[in-house]
Amino acid sequence: MAHQMVKPYSWLLYLLAVLASFFAGLSYAGFIDAGKDQGLAAAAIVLGYGVIAAAIGLIVVLFVAWQAQRRTIVRLNIILALCIAVFAGYFYMTYLERQKAEAESLEATEQMVD
């Protein structure tokens, strides 16, 4: 099955697994507040969680691609693409919530000044 490791569907699996694992690492760091009260180092800490998760995801998916059949790899591609879409939607919604909260606080401070 090692010949499958260089097929295009396997390369797609590698890319999707790295992205999904990266987002999972970022989400995990956010859930446990890994960068809380760390100042400028917070971004590097959270990014580090993402990079470590992506590396682990790549190692795992290399073994999966080596052992799995084509049908399994294609199904994993679909599942990982859906996971990435869910992560992107989650991050977009949290971004919109933060923008709304900032706009409301800005509006409140402007009303206090007037």
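Procedures and definitions
- Residues numbered from 1 in each chain as written.
- Predicted model: local features only at pLDDT ≥ 70, side-chain atom pairs only at ≥ 80, totals over all residues.
- Heavy atoms only, no water.
- Helix = DSSP H or I, 4+ residues; strand = E, 2+ residues; numbered from the N terminus.
- Expected span 1.5 Å × (residues − 1).
- Buried < 20%, exposed > 50% of the residue type's maximum accessible area, 1.4 Å probe, protein only.
- Contact = heavy atoms within 4.5 Å.
- Core = buried A, V, L, I, M, F, W, Y, C linked by side-chain atoms within 4.5 Å.
- Patch = residues over 30% accessible without salt bridge, like charges linked within 9 Å, V, L, I, M, F, W, Y side chains within 5 Å.
- Areas by Shrake-Rupley, 256 points an atom, 1.4 Å probe, with all protein chains shown as cover.
- Salt bridge = Lys/Arg side-chain N within 4 Å of Asp/Glu carboxyl O.

*Asks:* Sorry if this is basic, but what is going on with helix α3 (residues 70-113) here?
*Replies:* Helical periodicity: at 3.6 residues per turn, an α-helix aligns residues three or four positions apart in one direction. The end-to-end C-alpha distance of α3, which contains 44 residues, comes to 64 Å, matching closely the 64 Å that a straight helix rising 1.5 Å per residue would cover. Every buried residue of α3 is listed here: Ile73, Asn77, Leu80 and Ile84. Structurally, α3 contributes buried residues whose contacts are with α1 (8-31) and α2 (41-67).

*Asks:* What's the story with the nonpolar core in this structure? I'm lost.
*Replies:* Within soluble globular proteins, side chains that are nonpolar generally end up buried alongside one another. Of all hydrophobic cores here, the largest spans 12 residues; its members are Tyr9, Leu13, Tyr14, Leu16, Ala17, Ala20, Val61, Ala65, Ala68, Ile73, Leu80 and Ile84. Examining the composition of this core, we find that 6 residues originate from one element, α1, more than from any other. When sequence neighbours within four positions are dropped, the list of residues in contact with Val61 reads Leu13, Tyr14 and Ala17.

*Asks:* Sorry if this is basic, but what is going on with the side chain of Ser27 here?
*Replies:* Along the chain, Ser27 falls in helix α1. Judged by its relative accessible area of 6%, Ser27 is buried. For Ser27, the contacting residues outside a window of four places in its chain are Phe87 and Phe91.

*Asks:* Which parts of the structure should I look at to understand a nonpolar patch on the surface?
*Replies:* The grouping of Tyr28, Phe31, Ile32, Tyr49 and Tyr90 at the surface amounts to a nonpolar patch, some 530 Å² of accessible area in total. Mapped onto the elements of the fold, Tyr90 is located in helix α3.

*Asks:* Any chance you could explain unusual backbone geometry here in plain terms?
*Replies:* Most of the time, phi is negative for any residue but glycine, and the peptide bond is trans. The backbone of Asp33 sits at a positive phi, close to 55°, despite the residue not being glycine. Here the phi dihedral of Asp37 falls at roughly 60°; this positive angle occurs in a residue that is not glycine. You can see Asp37 is positioned in the loop between α1 and α2. Note on Asp37: relative accessible area 74%, which makes it exposed.

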